[in-house]
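Descriptive analysis of the structure
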Amino acid sequence: MSALPLQKAVGSVRSAESARILGTLVLTVAVIGWAGADLFRQDLALLGATYALLALGMYMPFNLAGALSLAYSAYVAIGGYSVGLVATKTGWPLPVAYLLGALASAALAVVLGFATRRLSGFYLAAVTLLFGMAFQSFLLDAKDVTGGAVGIGSIRPLTFFGSELDRQTFIALTLLIVWIVGVAVDRVRRSPFGVALQSSRDVPAAVEAAGVGVPALRLTVLGAGAAIASLGGGLFTTANQTIGPDTFTLHLVMLAIFMPLLGGQGSAWGAVLGAVLVVELTFNLQIFERSGSLIFGVAVLAVLLIAPGGIIGYAGQGARWLRGAATRTRGARR
Amino acid sequence: MTVLLEGEGLGKSYGGVRALDGVSLRLSAGEVLGLIGPNGAGKTTLVDLLDGAQPADRGSLSIRGRKLTGPPSRRARAGLARTFQHPHLALDLTVRENVLLGAAAPKLAGIGGLVAGLVAGAFRPSGARFDATLHRVADALELGDLRRRCGDLTLGEQRLVEVARALAQEPSVLLLDEPFAGADSGGIAAISAAIRAVRAQGCGIILVDHNVDIVASLVDRIMLLRSGTVVFDGDPAECLASPEMQDVYFGTGGENVVA
Amino acid sequence: MSAQLWVSVVQIGCFFGLVALGYYLVLEGADFFNFALGPFAMFSGLTASWLMAKQGWPLGLAAVLGIAIAAVLAVVTEVALVRPIDARTGGGELPSLIAVVAVLFAVEQLAGTLFGRQLMPGRSWLPGTSLDLGFVTVDGQTIVLVAATIVSFTGVWLWMRKSKYGRILRAVGSNREAARTLGMPVGRVRLVAFALAGLVVGLAGQLFSAKAGVSFQSGFGWALSGFLALVIGGTGSVWAPLAGGLLLALAQTLVPYYLGSASLDYAVLAVAILFFALRPSGLFVRRVRV
């Protein structure tokens, strides 16, 4: 009846995959429009994009492969400092800094992953967290490189064919990058590589027996995830034109764990949704004032307890149930 | 017949207890070798040593005359595939995805392959290029709807998926650790047919099972293990009638009689 | 190194030791590191400080309430979170780890929301009292902390030896499956272990925040320090966490003294990697009882 034209329209989109890509693009453009020229909204959008990249960086190693690293604050900071250093000490274009930051973070993640390859669970969590702490001290301590407690300021903006990008355009670009990374990570999830990743979490022995070296697999995604998180730090720093040791604190890593859980681990978009929720709860909701983080923490506990699929997983279940219900009533009528 | 797999003096101890003591074996192309013996005789340990899931304490292994060492992934790339006594499937993934792992694994070998797979995944995620292998294996084992979650399958169906994943690797040596346990009669027939089919293509198969009747109907040769050593190696009919067999399964050694 | 530094080593070491004792109890009972113990200690200290500063409560009452709340938090964590999640996921390590990190975060934010996000200065339990040992002066709060540490460790040691539940806890810690097969109340003992750990770290949080002050984010660092202390000490005896705590405090005091402040975090990381790689079971290992 009234649902039919809609079904036709949905049917003309070739597959669920294209629907997902187009839908998320529409949402991304909507966020760009919503942020517009409003400075506060731009800040929210930028923070959301940074958190989304952090969560997407965590998604492949942790949510898909079950390889835990709590050193993500360091990876994000490397992306940021890489921009700061390239902008102030060289004349190279800033995209070089994104690349260098991503490579450095990936290399660090691989080395740390290799050094801790025999550890698991609580021990691995503790060592990687301590690494994050040591890195924080390093940022404060190595004043010649990082500027110490002051950090690096007056970072030049990104230029595009000779003209400087204004903040509004740059943030729009950042949001589009998040969309691209989101699409890419979600496609990886469903690819043979992603299948190997997800199998390595539950049945590593079977993945080994099939011919994929699990240690190398883990290191590969730890590196890729660190590179993605570092990109987030680089973009954030470019937009704010300053970076310091307090920009990305150790507490960030807890958000990184929780965001995909809250949004839903079943899809890379769950990580992005989780990032949006964090920003909304902790920064935008004025009514809750300072209790936004508490609501976030309680929401994570609630998800852990009653909805392990996260919000997207729950919504998906609801949609399947509705579809099932519709089919059932149609069948009954026939 | 060409010798595919050759093991010499394989041994494994756990805290002073010898689980496997100087076992040697030869497997030829197109041969099915049955591995039987009571619980604790060392059958699964032997499979683990062959596949590299556990390192051997003593002995050497070669495949087609080349040394076979290293972790299971390297041995898989040399042509070895195995199934596990308890099915090792990613229960959240579909039947198709679990079998796809076997088909795609060779492309994901090594750091280069992994990075290529990661990048390719971002652009071409479907894995459709493995569909031919997937469907051939799925049809051979009558897997049914490939979109089902493996967690929703019965143990017998999970066995079939596990065997399918190993077959999708297109191995030259196939190690099957109790593939019939929990399978229904249809599953047993499908797995038996699949074993005969890959045997005809020149694959060497080592079949571990408790069910002596099924093993005897499928294999060219039987190795009887007891307390980590080979007590009989030869023709199936001779083995069943041999005094060693009588002693292991029906003797007064206090060991359980296994049907 | 001046003698006064040794006093602070003992003081910090006792605190780390108490937190590690909390870890030890949960580890024996549930085979699991409860990282949320740090925030429980923080919550205990912050509750009391807030009650005294903002509501004018007397010290004794505020402290007792703070410690009780820490124990309640520990019990609620076990009953409402760890147990159901364990049951659903089949007791995997990663889900429990995520669950306690979520508790850690939520307790932190709860404290920040309730009591404000600024540092609450400490208030000594024994102001005006100090002990002059000739070469060094020990202030009142340190005396209280050391005394409480000795009493707590002795108490737990006696409890694990003499009481019914304490003995069961030891049995469970050395062989869970056997204990279950023998029909011991494994679940109830687990709960008792959580509650007792809550009491111990609640007391630790009280005493340390009275000395050093406390803010809603203090618990994170305390959780890590307590964990390291236990890893260094091992689980060989009830006293091993105290030894680990003292050693960790010694390292944390010596290293910055000789090598500068940033090297502290490097040193801690190095010690951790060294221990995890070489001796994950700690210095004092229980002899395996077969």
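Treat the numbers as computed from the prediction; the structure is a model and nothing was measured. (Residues numbered from 1 in each chain as written. Chains lettered and ligands numbered in written order. Predicted model: local features only at pLDDT ≥ 70, side-chain atom pairs only at ≥ 80, totals over all residues. Heavy atoms only, no water.)

1. A closer look at the overall build of chain A
Summing up its helical and strand segments, chain A has 15 helices and two strands in all. By the compact-globule yardstick of 20 Å for 334 residues, chain A fits well, its C-alpha radius of gyration being 21 Å. For chain A, the spread of C-alpha atoms along the principal axes amounts to about 75 × 50 × 40 Å. For chain A, the residues scored as buried account for 55% of the 334 residues in total. Of the contacts formed within chain A by residues at least 6 apart in sequence, a portion of 75% connects residues at least 24 apart. Of the roughly 14,100 Å² that chain A leaves accessible, carbon and sulfur atoms contribute 68%. Considering chain A, the positive charge centre built from 22 side chains and the negative charge centre built from 13 side chains are found 17 Å apart. (Helix = DSSP H or I, 4+ residues; strand = E, 2+ residues; numbered from the N terminus. Rg over C-alpha atoms; globule rule 2.2 N^0.38 Å. Buried < 20%, exposed > 50% of the residue type's maximum accessible area, 1.4 Å probe, protein only. Contact = heavy atoms within 4.5 Å. Areas by Shrake-Rupley, 256 points an atom, 1.4 Å probe, with all protein chains shown as cover. Lys, Arg positive; Asp, Glu negative; His and termini not counted. Charge placed at Lys NZ, Arg CZ, Asp CG, Glu CD.)

2. Things to note about the side chain of Thr-24 of chain A
Residue placement: Thr-24 of chain A occurs in helix α2 (residues 16-35). With sequence-adjacent residues up to four places away left out, Thr-24 of chain A is seen in contact with Trp-179 and Trp-269 of chain A.

3. Notes on the sheet that holds strand β3 (residues 32-36) of chain B
Residues and elements named next belong to chain B. Strand order in this open sheet of six strands is β6-β7-β8-β3-β9-β10, and the pairing throughout is mixed. With partners counted over all chains shown, the strands left at the sheet margins are β6 (80-82) and β10 (229-234), one partner each. Averaged over neighbouring strand pairs, the angle between their axes works out to 15 degrees when direction is ignored. Contacts between helix α6 (residues 155-168) and the sheet are confined to β6 and β7 (173-177), with β7 contributing the most and set at about 165 degrees to the helix. In the packing of helix α7 (residues 185-200) onto the sheet, the strands contacted are β3, β7 and β8 (204-208), and the crossing angle to β8 comes to about 150 degrees. (Pairing = 2+ DSSP bridges. Axes fitted to C-alpha atoms, helices over the stretch in contact; angles between N-to-C directions.)

4. Structural notes on the pairing of strand β9 (residues 221-226) of chain B
Residues and elements named next belong to chain B. Counting buried positions over the six residues of β9 gives six, a clear majority of the element. In terms of strand pairing, β3 meets β9 through four bridges, oriented parallel. Within β9, the residue paired with Gly-34 across the bridge is Ile-222. Alignment of β9 against β10, held across five bridges, turns out to be antiparallel. Opposite Ile-222, over in β10, you have Gly-234 as the bridge partner. Two successive antiparallel strands, β9 and β10, enclose a turn made up of two residues, where Ser-227 displays a positive phi of approximately 45 degrees.

5. Section: the packing of helix α1 (residues 3-30) of chain C against helix α9 (residues 218-233) of chain C
Residue and element names in this part refer to chain C. Running from amino to carboxyl end, α1 crosses α9 at an angle of 75 degrees, the nearest separation of the two axes being 8 Å. Considering the angle they form, α1 stands roughly perpendicular to α9. Across from Phe-15, Phe-16, Val-19, Ala-20, Tyr-23, Tyr-24 and Leu-27 in α1, the residues of α9 making contact are Trp-222, Ala-223, Ser-225, Gly-226, Phe-227, Ala-229 and Leu-230. Its residues placed into classes, the contact of α1 with α9 shows twelve nonpolar, two polar and no charged. (Parallel < 35°, antiparallel > 145°, perpendicular 65-115°, else oblique. Nonpolar A, V, L, I, M, F, W, Y, C, P; charged D, E, K, R; others polar.)

6. Considering the UniProt feature "transmembrane region" (unreviewed entry) in chain A
All names here are of chain A. Per the UniProt annotation, the sites labelled "transmembrane region" (unreviewed entry) are residues 20-40, 52-75, 95-115, 122-140, 170-188 and 294-315. The span residues 95-115 is 100% helical and 0% strand by assignment, and the distance between its end C-alpha atoms comes to 30 Å. The distance from the first to the last C-alpha atom of residues 170-188 is 27 Å, and the span holds 100% helix and 0% strand. (UniProt positions renumbered as here; feature names shortened; annotations may be inferred.)

7. What about the interface of chain C and chain A?
In this complex, chain C contributes 39 residues to the contact, which on the side of chain A involves 37 residues. Roughly 3,600 Å² is buried in total at the junction of chain C and chain A, and carbon and sulfur atoms are behind 82% of that figure. Area buried by chain C at its contact with chain A is led by Ile-98, Phe-105 and Phe-220 of chain C, which between them contribute 17% of it. For the interface between chain C and chain A, the tally reads zero salt bridges. In this structure, the connection of chain C to chain A is made through four residue pairs in polar contact (both at pLDDT 80 or more). (Buried area = accessible area lost by both parts, 1.4 Å probe. Salt bridge = Lys/Arg side-chain N within 4 Å of Asp/Glu carboxyl O. Polar contact = N/O pair within 3.5 Å; in protein donor to acceptor, adjacent residues only side chain to side chain.)

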